Amino acid sequence: MAELSNCITCGVVFLKAYSPLCRSCYEKEEQWYSVVSTFLKKRENRLVTQADIILATSIPAKTLNSFIRSGRLMLQDHPNLQHPCERCNQLTQEKRYCANCVDELSAGWLTQTSQAIEENNNHEALNRYSLKNTLRKEE
Ligand SMILES: [Zn+2]
Ligand SMILES: [Zn+2]
């Protein structure tokens, strides 16, 4: 399903089908992706940092960051390739949040969910209680 949308990179209006990027930005990004992945495949580039890649390939930092964040680039072989966590700014190889934040966020989510379940149960218990009372009154 295609709809009119603004390209997230250059803002041009285009028919959006699969990618949030317009055709020319999409092609540019694909080119950058192949440049960077070729660069990273070289054994001598194992320990590069983001700055090294930008310097060597002149890829825009924003594009490189989006590759790292989206998890498209395989980072496990490149321990120095990290980006700041979106929550606490600590350098990480995870996608958006560092492992700590992922733990905290999922713990928070779990507490919220179990609280909601408890509230629901209480609600049900209350309903049952008042139903019992009503029945008793009718006896
Ligand atoms: Zn564009
Ligand atoms: Zn974090």
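Here the structure is shown first, and the text comes after it.
Residues numbered from 1 in each chain as written. Chains lettered and ligands numbered in written order. Predicted model: local features only at pLDDT ≥ 70, side-chain atom pairs only at ≥ 80, totals over all residues. Heavy atoms only, no water.

**Quick look at the packing of helix H1 (residues 23-41) against helix H3 (residues 61-70)**
Selection rule: A fitted line through C-alpha atoms represents every axis, and for helices the fit uses only the stretch in contact; the resulting angles, taken between N-to-C directions, go from 0 to 180 degrees. Secondary structure elements follow DSSP: runs of H or I of four or more residues count as helices, runs of E of two or more count as strands, with numbering from the N terminus. Roughly parallel here means an angle under 35 degrees, roughly antiparallel means over 145, roughly perpendicular means 65 to 115, and every remaining angle is called oblique. Contacts are assigned to residue pairs with any non-hydrogen atoms lying within 4.5 Å of each other. Note on residue categories: nonpolar means Ala, Val, Leu, Ile, Met, Phe, Trp, Tyr, Cys or Pro, charged means Asp, Glu, Lys or Arg, and polar means any other residue, Gly included.
Running from amino to carboxyl end, H1 crosses H3 at an angle of 75°, the nearest separation of the two axes being 11 Å. One way to sum up the angle between H1 and H3 is to call them roughly perpendicular. Of H3, the residues touching H1 (which contributes Glu29, Trp32, Tyr33 and Val36) are Thr63, Leu64, Ser66 and Phe67. Considered class by class, the residues forming the contact of H1 with H3 number 5 nonpolar, 2 polar and 1 charged.

**Quick look at the coordination of the zinc ion (ligand 1)**
Heads up, the condition is: Donor selection uses N, O and S atoms within 2.8 Å of the metal (3.2 Å for Na, K and Ca). Since no water is included, sites may look incomplete. Square planar and octahedral assignments, for four and six donors respectively, both demand that opposite donors be over 155 degrees apart and that all other angles lie between 65 and 115; tetrahedral needs four donors with all angles between 85 and 135 degrees, and anything else is irregular.
Looking at the zinc ion (ligand 1), one finds its protein donor set to be Cys7 (SG), Cys10 (SG), Cys22 (SG) and Cys25 (SG), positioned 2.2 to 2.3 Å from the metal centre. Around the zinc ion (ligand 1) sit 4 donor atoms, and with donor-metal-donor angles ranging over 105 to 114° the site reads as tetrahedral. Along the chain, the residues donating to the zinc ion (ligand 1) are arranged with the sequence spacing C-x2-C-x11-C-x2-C. In this pair, cysteine 10 is assigned in the loop between strand S1 (3-6) and strand S2 (13-16) and cysteine 22 in the loop between S2 and H1, connecting sequence segments 12 residues apart.

**Observations regarding the coordination of the zinc ion (ligand 2)**
Filter applied, for reference: Only protein chains enter the accessibility calculation, which uses a 1.4 Å probe; a residue whose area is less than 20% of its type maximum is buried, one above 50% is exposed, and one in between is partly exposed.
At 2.3 to 2.4 Å from the zinc ion (ligand 2) lie its protein donor atoms, namely Cys85 (SG), Cys88 (SG), Cys98 (SG) and Cys101 (SG). Note that the zinc ion (ligand 2) binds 4 donor atoms; their angles at the metal cover 104 to 118°, and the shape is tetrahedral. Along the chain, the residues donating to the zinc ion (ligand 2) fall in the pattern C-x2-C-x9-C-x2-C. Of the two residues, cysteine 88 is situated in the loop between strand S3 (83-84) and strand S4 (91-92) and cysteine 101 in helix H4 (residues 99-138); the sequence distance between them amounts to 13 residues. Look at cysteine 88 and you get partly exposed, because its relative accessible area is 39%. Given the relative accessible area of 4%, cysteine 101 is considered buried.

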